[in-house]
Structures are given as structure tokens and as C-alpha cells.
Amino acid sequence: MKKTLKDVQVANKTVLVRVDFNVPIKDGVITDDNRIKAALPTIKHLVDQGSKVVLFSHLSRIKEEADKAKKSLAPVAKRLEELAGQSIKFVAQTRGAELEDAIKSLKSGEILLFENTRFEDVKDGEVVKYESKNNADLGKYWASLGEVFVNDAFGTAHRAHASNVGIASNIKESCVGFLVQKELEMLAKGVDAPEHPFVAIIGGAKVSDKIGVIDHLLDKADKIIIGGGMAYTFFKAQGHSIGKSLCEEDKLDLAKQYLEKSNGKIVLPIDSANAPEFKDVEPTFSGVDLPDDVMGLDIGPKSIELFKETLKGAKTVAWNGPMGVFEFENFKKGTVAVCEAIANLDGAFTLIGGGDSAAAAIQNGFATKFTHISTGGGASLEYMEGKTLPGVEAIQNA
Ligand code: AMP
């Protein structure tokens, strides 16, 4: 168990908080402020406790000097000011005297946000990746600016960067914030210690992206439903014809091995919704042998029924990856039906591991219908693969 905010004394202390303010910004306007809202409970707690709060985050990627103009956190400071209901001191620097003086002059309950941590990835036009490669001096320097470190950025917990691992390794006291704490508790319930029957649903474009998840869950789950583009590689491995559908030839043997190893745990689609090309057109339907001139873009109605049946009685469901090209109106049915089936389960613990399946669930009105929708696509994927998250590992144990 990692230390949480309950385990640390923060009154009157300068508390460094890594948040995830990596929000979409178009023409200087934030188009989705959910990540800022998600950080508020931790920020409010620290303000109420009388901490001097120093916030920092990355925003997108910085690959060249010119990126910096568009990727400043200044608009985030403004929005945070409205959401937190108090003034935010914004420092447009990632190091130096101006930042140090501003931090020193903070009073209890005040909040400071400093500039995009990834500005440290490019210096004087040269790509140095001080932040992204966890430069030792940078982590030490940032750690020297405060007394306690709180990691509340789940979205980057699978990365070892200077702003999470670097600071945590160089400061006397560290803990996870409320958001990371909740993510870890939910993922532990949904992946490590699931109540049975436990059904995992894995979809998305490629087998290669989800090998780790299948591997890790094969022992733990009672059933693994496989849908999405990756299902066609499994069909082909069984000797079916898949037309022009996605297929990873170099994963056919692996797919065969999984099917043999799984002892019937793996549940594949039994029909397919197809199109002549990768286009949002009225689908045609086939069984698992597709005509040569079509590609499979979604599971068909019989698979929807089979998956619903498979989900019946589940006590834990963990889902990662859409059942089809849910971005196309004509090929989102499978994904929406699975959403609905999970949402309607009685008394089950239901988890979506972020990324595209989370986006699909939220877009289609299921945001409140799951026990937990993870906010970190990459981090929750790695958790579902059974990997440890460096950004969490580096935090002190309780
Ligand atoms: P992932 O990021 O691996 O979860 O994959 C999500 C992407 O897979 C989405 O953009 C979907 O449109 C895509 N996808 C799902 N099913 C298919 C399919 N049958 N053919 C092509 N792409 C698909």
C-alpha cells in the first residue's frame, strides 16, 4: 500500500503536486476540462489543510521550440481559477529564480501553477528530453522546491519522468493523491482480486497491442470475450476466411496458442458486420467466413446475443477496447450493445480501462453506469497487463 494524503502532514508545508492537466486546447480555448475537475479534490484538501500548493503538469508533447507557444499551461491556470474559486499564481517558467521566489512567497492555502513540464524536453532548440527521460538533475531540482510530493497524475503513472519518479526519488515524503488512490483501488478490485465470475472483454484494432492483457487475464478470468479488429486474426488462425479485414499475419500462431491454452475461456464473435472498404456505410452481415470483397468492421447481432449471454451473472467485468469501429455510426452497435449489457448487470463491479472504450461509453451516455471508468488509457492498459507503474512504485509505502 502506498502512502495516501491521510498519511502525511501537510499543514503549512510546501506541497508539490503532479497533476494531469493534459487537456485538449483549441485556439487557446480548453475544449474539455474534466481532467482539471478531477484534480480538484486533492487541491481543495491541501488548501483546506493550509498547505502552500505548487501544481505542475505536462501538456501534450514538446518536440521543437515552436511547440511551446501553443502548449503553455496559461489557459489552464485561468480555468482552474474559475473552478477552484480562488486566484492561481501562474509562473511561466519550469525552473529559475522567478519560480523559486514565487514559491518562497506563497502563503498557506495559496496555489501556484508552473509551466508545462515538457518545456524541459527542448532547450535552445535542442531535443534533450530532461522531463521525459527523467534527467537526474531536474528531478532533484524540482524536489528541492518543496517538502512533500503528491502524485495525482494517473495518466502518466506508467512513465518514469522527472516530474513523477524524479521528484519522488529525491524528496523526504511522498504520497498519492485522491485521484490516483481511487484508480489504484478500483483497478485492484477489477483486475487483481476480482469477485467471480470474472469476465474480461478485450477489443480494439490489434492483437499486438493487447497481448499483455490477454496473457495476464487468461489465468484470472473465467471468460475472455474478444471483439474488434483483433478478432479477425483469431478467425484466420481457426482457418476461416476474413476477406479484407484487419489481420496480423505474424500473430496467427500466437492466436492459435491462446485458443488452445484457454480451454474454452476465450469467447470469439460468431458473426460480423462488414463493409466493402473502411467507410461508414450500411453494413452487410456474414458469419465467421467473410466474403473476399468485404472487411469486418463490427461484431454482428448474433455475437451481441452471445456476449450478453456470456456476461450474465458476472460479478466482475473488466473491459478494454471497442468491439468495432465505433467512430462510424453504422459500426458502433456492437460496442454500444456491450456497454449496455455491462451497465445492466445486477450488482457487478464493472471497470473500463480507459482509452477508446472509455470514450465510447461516455459518448453514448454510459458515463455513470459503470463502477469505474479509468482516466488513464496507457496506465490502466499497463496495469491490466500486470505491470507495475513506475510513477506509483516511486511513492513511499504506507
Ligand atoms: P485500441 O486503441 O487498440 O483499443 O483500438 C481502438 C481502435 O480500433 C478504434 O479506433 C476502432 O475504430 C478500431 N477498430 C475496432 N474494430 C475494428 C475493426 N474491425 N477494423 C478496424 N479497426 C477497428
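Computed from a predicted model, the values in this text were never measured in an experiment.

**Concerning the domain arrangement of the protein**
Point 1. Split by domain assignment, the protein resolves into domain 1 (5–180) and domain 2 (194–384).
Point 2. Taking only C-alpha atoms into account, the centre of domain 1 sits 36 Å from that of domain 2.
Point 3. Between domain 1 and domain 2, the residue contacts involve 5 residues of the former and 7 residues of the latter.
Point 4. Between domain 1 and domain 2, roughly 480 Å² of surface is buried when both sides are summed, and carbon and sulfur atoms account for 64% of that area.
Point 5. Remark: the boundary between domain 1 and domain 2 carries 0 salt bridges.
Point 6. Along the contact surface separating domain 1 from domain 2 lie 0 residue pairs in polar contact (both at pLDDT 80 or more).

**Focus on helix α11 (residues 301–311)**
For an α-helix, 3.6 residues make a turn, and residues three or four places apart therefore share a direction.
Point 1. Those residues of α11 not exposed but buried are S303, I304, F307, T310 and L311. For α11, the angular spread of the buried residues around the axis is 125 degrees, confining them to a single face.
Point 2. Packing partners of the buried residues in α11 comprise β11 (198–202), β12 (223–226), β13 (266–267), β16 (295–299), β17 (316–320) and α12 (333–343).
Point 3. Phi turns positive, to about 80 degrees, at G313, one or two residues after α11.

**Comments concerning the packing of α11 against α12**
A pair of packed helices is captured by two measures, namely the crossing angle of their axes and the spacing between those axes.
Point 1. At their nearest, the axes of α11 and α12 sit 10 Å apart, and the two run at 20 degrees to each other. Here α12 runs roughly parallel to α11, going by the angle between their axes. In the packing of α11 onto α12, the handedness of the crossing is right-handed. Facing α11, whose interface residues are I304, F307, K308 and L311, α12 presents K333, G334, A337, V338, A341 and I342.
Point 2. The residue inventory of the contact of α11 with α12, partitioned by class, reads 7 nonpolar, 1 polar and 2 charged.

The rules behind each value
- Residues numbered from 1 in each chain as written.
- Predicted model: local features only at pLDDT ≥ 70, side-chain atom pairs only at ≥ 80, totals over all residues.
- Heavy atoms only, no water.
- Domains from an automatic or database assignment.
- Contact = heavy atoms within 4.5 Å.
- Buried area = accessible area lost by both parts, 1.4 Å probe.
- Salt bridge = Lys/Arg side-chain N within 4 Å of Asp/Glu carboxyl O.
- Polar contact = N/O pair within 3.5 Å; in protein donor to acceptor, adjacent residues only side chain to side chain.
- Buried < 20%, exposed > 50% of the residue type's maximum accessible area, 1.4 Å probe, protein only.
- Helix = DSSP H or I, 4+ residues; strand = E, 2+ residues; numbered from the N terminus.
- Arc of directions from axis to C-beta.
- Axes fitted to C-alpha atoms, helices over the stretch in contact; angles between N-to-C directions.
- Parallel < 35°, antiparallel > 145°, perpendicular 65-115°, else oblique.
- Left-handed = near helix turned anticlockwise from the far one by under 90°.
- Nonpolar A, V, L, I, M, F, W, Y, C, P; charged D, E, K, R; others polar.

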